[in-house]
Amino acid sequence: MADRAHQMVSVSGVTVRLEKQIESTAADGTLPLALRPEALSLSGGQGREMAFDWVVTHVSFMGSVIRIRMDLAGEPLAFDVFNSPSLKPPIIGDRASACFDPRDVFEMAE
């Protein structure tokens, strides 16, 4: 749900304050949002104070890339990470935090 006056959105119980003014919402109060893949991290980091706890539903090894699919209360998330010897990929059923900077979230035009 979106609160245009305060630039706040709630995604599965996590409230995010958007950097930019919310332009529009659907009649039911929903708001389509997007986040560039490189803005998402499984390990956190400086400036990535927002986090959603997801359950890993699928892991695909694609050579230099690992595709990870996750679920948050029925909401899907899929993203790719570079395969690296230092990276221990998640296992299906693992719980993981997907971290991002709320300034990287933007509203999708419908």
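Taken in spatial order, the four strands make up an open sheet running β7-β6-β5-β8, and their pairing is antiparallel. The two strands at the open ends of the sheet, each matched to only one other strand, are β7 (75–82) and β8 (95–100). Strand-to-strand twist in this sheet, taken as the mean axis angle between neighbours without regard to direction, amounts to 45°.

In terms of nonpolar packing, the biggest core is built from 19 residues, with Val 16, Trp 54, Met 70, Leu 77 and Phe 100 touching the most fellow members. Those elements that provide at least two residues to this core are β5 (50–62), β6 (65–72), β7 and β8. When residues in this core are grouped by element, the largest group, five residues, is from β5. Setting aside its immediate chain neighbours within four residues, Trp 54 contacts Met 70, Asp 71, Leu 72, Glu 75, Pro 76, Leu 77, Asp 94, Arg 95, Ala 96 and Ala 98.

A word on the environment of Thr 57. Take Thr 57: it is sitting in strand β5. Between the alpha carbons of Thr 57 and Met 70 there is a distance of 5.1 Å; along the sequence they are 13 residues apart. What Thr 57 contacts, discounting residues up to four positions off in sequence, is Arg 69, Met 70, Asp 71 and Ile 92.

Reading guide: rules and limits
- Residues numbered from 1 in each chain as written.
- Predicted model: local features only at pLDDT ≥ 70, side-chain atom pairs only at ≥ 80, totals over all residues.
- Heavy atoms only, no water.
- Pairing = 2+ DSSP bridges.
- Helix = DSSP H or I, 4+ residues; strand = E, 2+ residues; numbered from the N terminus.
- Axes fitted to C-alpha atoms, helices over the stretch in contact; angles between N-to-C directions.
- Core = buried A, V, L, I, M, F, W, Y, C linked by side-chain atoms within 4.5 Å.
- Buried < 20%, exposed > 50% of the residue type's maximum accessible area, 1.4 Å probe, protein only.
- Contact = heavy atoms within 4.5 Å.

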